[in-house]
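Spelled out, the chains give:
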Amino acid sequence: MSLAIYNTITRTKEEFVPREPGVVSMYVCGPTVYNHIHVGNARAFIVFDVMRRYLRWRGLRVRFVQNYTDVDDRIIERAREENLEVDEITRKYSDAFEDVMSVLGVAPPNVLVRATDHVPEMIEMISTLIERGFAYESGGNVWFAVEKFPEYGKLSGRSLDDVRAGERVEPDPSKRFPLDFALWKAAKAGEPAWESPWGAGRPGWHIECSAMSLKYLGMGFDIHGGGTDLIFPHHENEIAQSEAATGESPFVRYWIHNGMVNIDEQKMSKSLGNFVLAKDLVAEVPAQVIRLMAIAGHYRSDVDFGDAQFEDAKKAFERFEIFYRNAKDRVKGGGREELSREFLARFQRAMDDDFNTPQALSVLHDLVRQGNARMAQPDYWEDAAAVEDLHGMLEEFVLITELLGVKPREEPAASADLTEGLVALALSMRESARSAGRFDEADAIRSSLGELGIAIEDSPEGPRWRRTI
Ligand SMILES: [Zn+2]
């Protein structure tokens with residue numbers, strides 16, 4: 001069985017054949033670190049995390065590179081607003097991003113790179129582009145001459161004429177052609193700048209991803225990911241720069257783009273308080289619920305995040321948790337040599353079809369439905385085949401939920417507050433029984449608490465309790 005991936009550049013689902021057998025090289029455009037990310041932004045990182053887990057489970061070694069864009073107009077603006085240095089802003093928001101990703105169960109990339117650490121590589125690439133006649137310097141800026149790259153538009157499927165008609169481009173007197181894009185920007189007062197052969201300045205946004213992906217993965221790497229909003233111009237420009245600079249093609253074998261998230265902010269705020277920032281939401285709900293919301297739709301589709309989607313995800317996770325807990329209690333000591341792997345096979349078919357997570361989730365719901373039916377059998381404990389079946393299903397359930405990153409928690413979340421409250425309730429029931437002269441009942445409560453590892457000591461101020469185990 002082979003894995004099919006929809007490739008944006010060919011507009012077809014293709015069999016996935018990595019450049020090097022058994023190894024996947026993958027680059028995903030990371031965040032511009034100037035603010036806290038929205039719940040909607042988290043979706044892209046969750047879907048690429050699910051793909052990465054799945055590729056690894058399929059026996060491939062995945063080398064995953066992601067960047068931080070840490071030099072940008074919005075960052076400079078933000079530094080002014082918060083009265084901090086640019087690198088303090090980027091450190092603050094990249095730390096915040098990593099905290100949120102960690103809570104969401106998104107594994108860190110193998111290589112996590114910052115644009116500002118790679119300015120020499122970018123300068124070298126820009127110099128090559130000038131030497132090869134694809135770029136020109138003008139007034140301290142360096143522009144990529146799109147007319148010199150005849151294949152410009154091949155990713156987005158637009159001709160230069162389409163682009164000219166459809167895009168609002170920033171006029172700049174130093175450009176020869178309106179669609180030329182910046183590789184290097186001349187320094188402005190008060191902004192971060194680096195020395196270069198064209199004077200002080202800073203790199204344009206697109207060149208960073210070409211320079212860094214080629215440095216860590218090499219020409220013709222396997223998968224380049226990002227949101228559909230990056231297809232044009234960002235990824236189109238990455239292709240032009242990389243193929244023009246190396247004289248080789250293709251830059252990337254498979255282009256994967258995730259759909260956008262429409263956040264119904266008003267509705268989200270109503271049901272969630274003001275938790276539209278990922279960091280606030282992860283403090284309130286289990287990460288699994290957010291991941292379920294992120295993968296409920298196909299990664300290529302645009303999706304809505306609102307209270308309906310949030311409620312659905314919560315219900316699904318609750319159903320998974322109840323099944324998991326009940327099934328674990330009912331397979332103790334069970335087990336069998338041969339697993340049917342029926343659900344796993346269906347899960348794999350779904351994921352092999354361009355990472356179809358909605359289909360994969362429906363397999364999981366089927367499994368839970370059938371597992372619940374087994375447990376509901378009145379003669380369950382007498383039916384050895386039913387116990388074995390359930391055990392097999394539970395093992396498949398654990399594996400699938402781990403691959404999607406939505407495995408239920410091990411224990412119900414019994415907080416310290418809840419324990420306090422329940423013991424206080426039992427003690428007050430014991431006191432009522434004693435004051436009403438029902439001493440047998442009071443003693444029964446005391447001995448039941450004792451079996452739970454809670455000892456009661458009567459004192460002049462009333463009963464006190466402590467844990468004995
Ligand atoms: Zn990028």
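Look up: the structure comes first, before these words.
Note that the structure is a prediction, hence the values are computed from the model and not measured. (Residues numbered from 1 in each chain as written. Predicted model: local features only at pLDDT ≥ 70, side-chain atom pairs only at ≥ 80, totals over all residues. Heavy atoms only, no water.)

Caption draft 1: Examining the layout of surface pockets more closely. Considered as a void within the structure, the second largest pocket measures approximately 660 Å³ in volume. As for the second largest pocket, its lining consists of 29 residues, of which G30, P31, N41, F45 and D229 are closest to the centre. Looking at the lining of the second largest pocket, the elements that each hand over two or more residues are α1 (39–57), α6 (205–217) and β10 (221–227). It is α1 that contributes the most residues to the lining of the second largest pocket, six residues altogether. Each residue belonging to the lining of the second largest pocket can be placed in one class, and the counts come to 13 nonpolar, 13 polar and three charged. (1 Å grid on protein atoms, 1.4 Å probe; cavity = no way out; pocket = protein on both sides within 12 Å on 5 of 7 lines; lining within 4 Å. Points joined across faces, edges and corners; volume = space filled by probe spheres on them. Helix = DSSP H or I, 4+ residues; strand = E, 2+ residues; numbered from the N terminus. Nonpolar A, V, L, I, M, F, W, Y, C, P; charged D, E, K, R; others polar.)

Caption draft 2: Quick peek at the packing of aromatic side chains. Under the counting rule described, the total for this entry stands at 17 aromatic pairs. Relative to F232, the ring of Y152 has its centre 6.4 Å away and its plane inclined at 75°; by these criteria the two rings are edge-to-face. With Y152 in the loop between β7 (141–144) and α5 (160–166) and F232 in helix α7 (residues 231–246), the pair connects residues that are 80 residues apart, well separated along the chain. Judged on exposure class, the residue Y152 and its partner F232 are both buried. A cation over an aromatic ring shows up here: R176 above the ring of Y136, its NZ or CZ 3.9 Å from the ring centre. (Phe/Tyr/Trp six-rings, centres within 6.5 Å; stacked < 30°, edge-to-face > 60°. Buried < 20%, exposed > 50% of the residue type's maximum accessible area, 1.4 Å probe, protein only. Lys NZ or Arg CZ within 6 Å of the ring centre and 35° of its normal.)

Caption draft 3: Representation of empty space enclosed by the protein in the model. Under the counting rule described, the total for this entry stands at two cavities of 30 Å³ or more. Approximately 80 Å³ is the volume found for the largest cavity. Around the largest cavity sit P31, T32, V33, N35, H36, I37, Y93, A96, F97, V100 and K279, which together line it. Top element by residues in the lining of the largest cavity is helix α3 (residues 86–103). It accounts for four residues. Classifying every residue of the lining of the largest cavity by side-chain character gives seven nonpolar, three polar and one charged. Every residue lining the second largest cavity is listed: V47, V50, M51, I295, Y299, M351, F355 and T357. Per-element tally for the lining of the second largest cavity: the top contributor is α1, with three residues. For the lining of the second largest cavity, the class distribution of residues is seven nonpolar, one polar and no charged.

Caption draft 4: Local environment of the coordination of the zinc ion. Distances from the zinc ion to its protein donors, namely C29 (SG), C209 (SG) and H234 (NE2), fall within the range 2.1 to 2.2 Å. Between consecutive donor residues of the zinc ion, the sequence gaps follow C-x179-C-x24-H. Of this pair, C209 sits in helix α6 while H234 sits in helix α7; the two residues are 25 residues apart in sequence, bridging distant segments of the chain. Here C209 falls in the buried class, since its relative accessible area comes to 0%. (Donors = N, O, S within 2.8 Å, 3.2 Å for Na, K, Ca; no water.)

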